[in-house]
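Secondary and tertiary structure notes
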Amino acid sequence: MKVFKAIAWIALISFVVIQFFPTDRNESYTTPTTDFMLVNKVPTEIENQLKVSCYDCHSNNTVYPWYSKIQPAAWFLKDHIKEGKAELNFNEWSNYSDRRKKSKLRSIIKQIESGEMPMDSYTLIHKDAILSENDKKVVIDFITKLKDSIK
Amino acid sequence: MKTIKRSIGTVALVATMILTVSCKDANKNEAPSSASNEVIQENMDSSKNMAMNNSQNAMAEAILKDYFNLKDALVGDDNDKAKMLGGTLAKSLGNLDKSTYSESQQKELTDIIEDATEHAEHISESDIKHQREHFKILSKDITDMVAITGTATKLYEQFCPMYDGGTAWLSTKEEVRNPYHGSSMLKCGKVQREIN
């Protein structure tokens, strides 16, 4: 019982201590002119869908959940966002070469088709980010058209 | 890496030899008339160009070699080996020297290398299904690269209608060994184009 108490105390203390290590937040209140939505003609419905389902990790502005202020959740989120932005940043869209745009669009289609994106750990909390079969079809049709329009 | 270093060394050696030989010739034939001087000058320039092209091609050839090794790993359904070779390819892609190509070619090569590197990096950390998805685009990138850099080897562009709506890849051998299906459909595909 003594041992258990000691462990509980250590856990509690370390939990309190890590709260004093804040992380940089991925927030930006201006949308750059290179943004996917600004350089492409995206139907409003699809724009909203992509912003809700993708932009938290694939743009420079994350709409953070309440627990993002608590460690170690903040570290976990930070890593995911960093990785997500390295793969694809919708805000940087027109900076990509045509070749890379095509590659990215193709990957978007594959990831949505297979259900790998949006990630399970994300949709667990963000229920509105889940794409129904119909949503998937609409988004994939649009992305496919966009991909084919690039030479 | 060793073989790349060795081949760079060999190319450099050959280049120096060509240059020294042509310089000697120039000295020997020191002609009085300015017209023949020009001719010699031209000869020297062309041998210099040749040497430069050789070293450039050496890097492109190294990239191709890594690409073919990767392809063979996928033909053999070897996920781990493909991971390793994807990493190797990503590194050698970074070594391509673009300096002597025209401006538009340089721009295109930059785009190609950037895209191809990303796919090679993904291959170095994915399961085999994803590796093959990335290999499809990688093959397109490498084909476009060869269109600019050229290669000394005879290549076959092969095509399999069964994979993802039809997909191509490059091979040094005429007989088809399918990197997208591996052992499940090893010989699916045909040669659709010969390069060189």
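Higher on the page you've got the structure.
A brief report on the enclosed structure follows. A quick note: this is a predicted structure, and the numbers were derived from the prediction, not measured. (Residues numbered from 1 in each chain as written. Chains lettered and ligands numbered in written order. Predicted model: local features only at pLDDT ≥ 70, side-chain atom pairs only at ≥ 80, totals over all residues. Heavy atoms only, no water.)

Thoughts on the interface of chain A and chain B
- Tallying the contact residues gives 10 residues for chain A and 16 residues for chain B.
- Approximately 1,200 Å² of surface area, both sides summed, lies buried where chain A meets chain B, with 36% of it carried by carbon and sulfur atoms.
- If you sort the residues of chain A by the area they bury against chain B, Arg99, Arg100 and Arg106 of chain A come out on top, with a joint share of 52%.
- With a closest N to O distance of 2.9 Å, Arg99 of chain A and Asp144 of chain B form a salt bridge.
- At the surface where chain A touches chain B, the tally comes to 12 residue pairs in polar contact (both at pLDDT 80 or more).
- Tallying contributions element by element places helix α6 (residues 98-114) of chain A first for the side of chain A that touches chain B, with seven residues. (Contact = heavy atoms within 4.5 Å. Buried area = accessible area lost by both parts, 1.4 Å probe. Salt bridge = Lys/Arg side-chain N within 4 Å of Asp/Glu carboxyl O. Polar contact = N/O pair within 3.5 Å; in protein donor to acceptor, adjacent residues only side chain to side chain. Helix = DSSP H or I, 4+ residues; strand = E, 2+ residues; numbered from the N terminus.)

Some words on the packing of aromatic side chains
- With the rule as written, the count across this model stands at 10 aromatic pairs over all chains.
- When the ring of Trp93 of chain A is compared with that of Tyr96 of chain A, the centres are 5.7 Å apart and the planes differ by 90 degrees; the resulting orientation is edge-to-face.
- Residue class for Trp93 of chain A comes out buried when judged on its relative accessible area of 2%.
- Taking relative accessible area as the criterion, Tyr96 of chain A reaches 12% and is therefore assigned buried.
- Look at Tyr67 of chain B and Phe135 of chain B: their rings are 5.1 Å apart centre to centre, the planes differ by 10 degrees, and that puts the pair in the stacked class. Within this pair, whereas Tyr67 of chain B is found in helix α2 (residues 34-75), its partner Phe135 of chain B is found in helix α5 (residues 128-149), the two being separated by 68 residues in sequence.
- Judged by relative accessible area, Tyr67 of chain B falls into the buried class, the value being 0%.
- One aromatic cluster is present, built from ring pairs that chain together Tyr67, Phe68, Phe135, Tyr163, Trp169 and Tyr180 of chain B.
- In this structure, Arg25 of chain A is placed above the aromatic ring of Tyr64 of chain A, and the distance from its NZ or CZ to the ring centre is 4.1 Å.
- One Lys or Arg, Lys104 of chain A, reaches over the ring of Tyr96 of chain A and ends 5.2 Å from the middle of that ring. (Phe/Tyr/Trp six-rings, centres within 6.5 Å; stacked < 30°, edge-to-face > 60°. Buried < 20%, exposed > 50% of the residue type's maximum accessible area, 1.4 Å probe, protein only. Lys NZ or Arg CZ within 6 Å of the ring centre and 35° of its normal.)

Regarding a negative patch on the surface
- Judged by side-chain charge, Asp79, Glu83 and Glu87 of chain A together with Glu121 and Glu125 of chain B come together as a negatively charged surface patch.
- Sort the elements by how many residues they give to the negative patch and helix α5 (residues 73-87) of chain A lands first, with three residues.
- When you line up the elements, Glu125 of chain B lands in the loop between α4 (103-123) and α5. (Patch = residues over 30% accessible without salt bridge, like charges linked within 9 Å, V, L, I, M, F, W, Y side chains within 5 Å. Areas by Shrake-Rupley, 256 points an atom, 1.4 Å probe, with all protein chains shown as cover. Lys, Arg positive; Asp, Glu negative; His and termini not counted. Charge placed at Lys NZ, Arg CZ, Asp CG, Glu CD.)

A word on helix α3 (residues 44-53) of chain A
Residue and element names in this part refer to chain A.
- Within α3, the full set of buried residues consists of Ile46, Gln49, Leu50 and Ser53. For α3, the angular spread of the buried residues around the axis is 95 degrees, confining them to a single face.
- Where α3 is buried, its residues contact α2 (36-39), α4 (55-58), α7 (120-123) and α8 (133-149). (Arc of directions from axis to C-beta.)

A word on unusual backbone geometry
- The linkage connecting Gln71 of chain A with the following residue, Pro72 of chain A, adopts the cis geometry, with an omega of 0 degrees.
- Mapped onto the secondary structure, Pro72 of chain A falls in the loop between α4 and α5.
- The omega angle of the peptide bond from Met117 of chain A to Pro118 of chain A is -10 degrees, so this bond is cis rather than trans.
- Within the secondary structure, Pro118 of chain A is located in the loop between α6 and α7.
- You will see that Asp77 of chain B, though not glycine, has its phi angle at about 55 degrees, which is positive.
- With respect to the element layout, Asp77 of chain B can be found in the loop between α2 and α3 (79-93).
- At Asn196 of chain B, a position not held by glycine, the phi torsion is positive, near 80 degrees.
- Take Asn196 of chain B: it is sitting in the segment after β3 (190-195).

Topic: the nonpolar core
- Judged by nonpolar contacts, the single largest core of 37 residues is most densely connected at Tyr67, Leu70, Leu93, Phe135, Leu138, Ile142 and Met145 of chain B.
- Broken down by secondary-structure element, the contributors of at least two residues to this core are α2, α3, α4, α5, β1 (155-160) and β2 (167-171) of chain B.
- If you tally residues by element for this core, the top one is α2 of chain B, at nine residues.
- With near-sequence residues (within four places) excluded, Ile142 of chain B lies in contact with Ile63, Leu64, Tyr67, Leu93 and Leu170 of chain B.
- Counting 22 residues, the second-largest nonpolar core is a separate cluster that includes Ile46, Tyr55, Leu88 and Leu105 of chain A. (Core = buried A, V, L, I, M, F, W, Y, C linked by side-chain atoms within 4.5 Å.)

All we've got here are geometric facts, nothing functional implied.
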